[in-house]
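# Close look at the chain arrangement
Chain by chain, the residues:
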Amino acid sequence: MEQKQYGKSWYPDGALEFAGFWSDGMANGEGCLYYRDGITIQYDGTFRNNAFHGFGRSYRSDGSMHYEGVWNQDRPHERGTYYFADGKTVWYEGSLSFEKREGYGCLYREDGTLEYAGQWKNDRRHGQGRLYHTDGRTVIYEGRFEHGFRHGYGRSYWIDGTRISEGNWCCDVLDGFGILYDELGENVIYDGQLFNGVRRGSGISFLPDAIPEYEGEWDWNAKNGQGTLFHENGTIRYEGGFSNDSYHGFGREYTDTGELVYAGLWDQGARIAAAS
């Protein structure tokens, strides 16, 4: 490679195209590439064989900054920062792999508040990460992501920082085993299976102070199937079938001291036939 020399090139109409270092007839080293007006900089940084390569900054045709960071053969790579249209507010800052967000990085909103911080893969949220409230400080979700969705184990929070839930997520909703908390984020109100964000399958609901209320089967947030309902002192109140939160099918009802009150068939909470 011949020794680098400083030089310039022009568009056919005479407007400045490039100013910087050359070798072997190509841009190599520090230089500036201009838009067709010959005034507005398109790229300012390092070149290798006419390609953006190394550290550099790219600009939009209005002069606002688009990207600054590392380049590899005309493509942002390794680490850099993208900006919103104003050229000042950061849109993304972090790791890259040939233009795509890959590795750890932070995504921001147009007002400058942090939206997401965590792992990326193929330009999508993927791996461990955190989502933030619009204040840019309060975490509203922390856990696993896959292909842009909350997916895997994670915790969600109210905007004041109190816990809402924790458990397995699938495509942005709780799905699988999970735990739901009260409005203060202190006491568990449900521990069990969830489907598409609602109670479905086997699970336990709780009264305040972690006292079990019901243990059994659920469907669409209601007691459905076989289960056991408890008194506040922890003794069994009812055991048997349920339908939409009502006693249904065969079941036994007890006092809070454990005495059997009724054993037989129920129809939506009404006794219809005692067992002989």
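Here's what I pulled together on the structure shown here. Just so we're clear, the structure is a prediction, and the values are computed from it rather than from any experiment.

### Some remarks on the overall build of the chain
In terms of regular secondary structure, the chain is built from 0 helices and 23 strands. Rg of the C-alpha trace for the chain: 31 Å, well past the compact-globule value of 19 Å for 276 residues, more than 25% over. The dimensions of the chain, computed from C-alpha atoms along their principal axes, are 105 × 30 × 30 Å. Considering the chain as a whole, with its 276 residues, one finds that 43% of them fall into the buried category. Of all intrachain contacts in the chain linking residues separated by at least 6 positions in sequence, the fraction that spans at least 24 positions is 7%. Put simply, the chain shows about 14900 Å² of open surface, and 49% of that area lies on carbon and sulfur atoms.

### Observations concerning the packing of aromatic side chains
Going through the model one piece at a time under the given rule, you end up with 26 aromatic pairs. Plain terms: the ring middles of tyrosine 141 and phenylalanine 145 are 5.2 Å apart, the flat faces sit at 85° to each other, and that makes the pair edge-to-face. Accessibility assignment for this pair places tyrosine 141 and phenylalanine 145 in one class, buried. Among the aromatic residues, those joined into a ring-pair cluster are Phe18, Trp22, Tyr43, Phe47, Phe52, Tyr67, Trp71, Tyr82 and Trp91. Stacked on the ring of tryptophan 218, the Lys or Arg arginine 199 has its end atom at 5.1 Å from the ring centre.

### Quick look at the environment of threonine 257
Tracing the chain through its elements places threonine 257 in the loop between strand 21 (246-254) and strand 22 (260-267). Given the relative accessible area of 59%, threonine 257 is considered exposed. Linking threonine 257 and aspartate 219, residues 38 residues apart in sequence, is a C-alpha distance of 30 Å. In terms of polar contacts, threonine 257 uses its side chain to reach the side chain of threonine 255, at 2.9 Å.

### Notes on the environment of isoleucine 236
Its place among the elements puts isoleucine 236 in strand 20 (residues 236-243). Those residues in contact with isoleucine 236 that lie beyond four places of it in its chain are Thr228, Leu229, Phe230, His231, Tyr254 and Thr255.

Procedures and definitions
Residues numbered from 1 in each chain as written. Predicted model: local features only at pLDDT ≥ 70, side-chain atom pairs only at ≥ 80, totals over all residues. Heavy atoms only, no water. Helix = DSSP H or I, 4+ residues; strand = E, 2+ residues; numbered from the N terminus. Rg over C-alpha atoms; globule rule 2.2 N^0.38 Å. Buried < 20%, exposed > 50% of the residue type's maximum accessible area, 1.4 Å probe, protein only. Contact = heavy atoms within 4.5 Å. Areas by Shrake-Rupley, 256 points an atom, 1.4 Å probe, with all protein chains shown as cover. Phe/Tyr/Trp six-rings, centres within 6.5 Å; stacked < 30°, edge-to-face > 60°. Lys NZ or Arg CZ within 6 Å of the ring centre and 35° of its normal. Polar contact = N/O pair within 3.5 Å; in protein donor to acceptor, adjacent residues only side chain to side chain.

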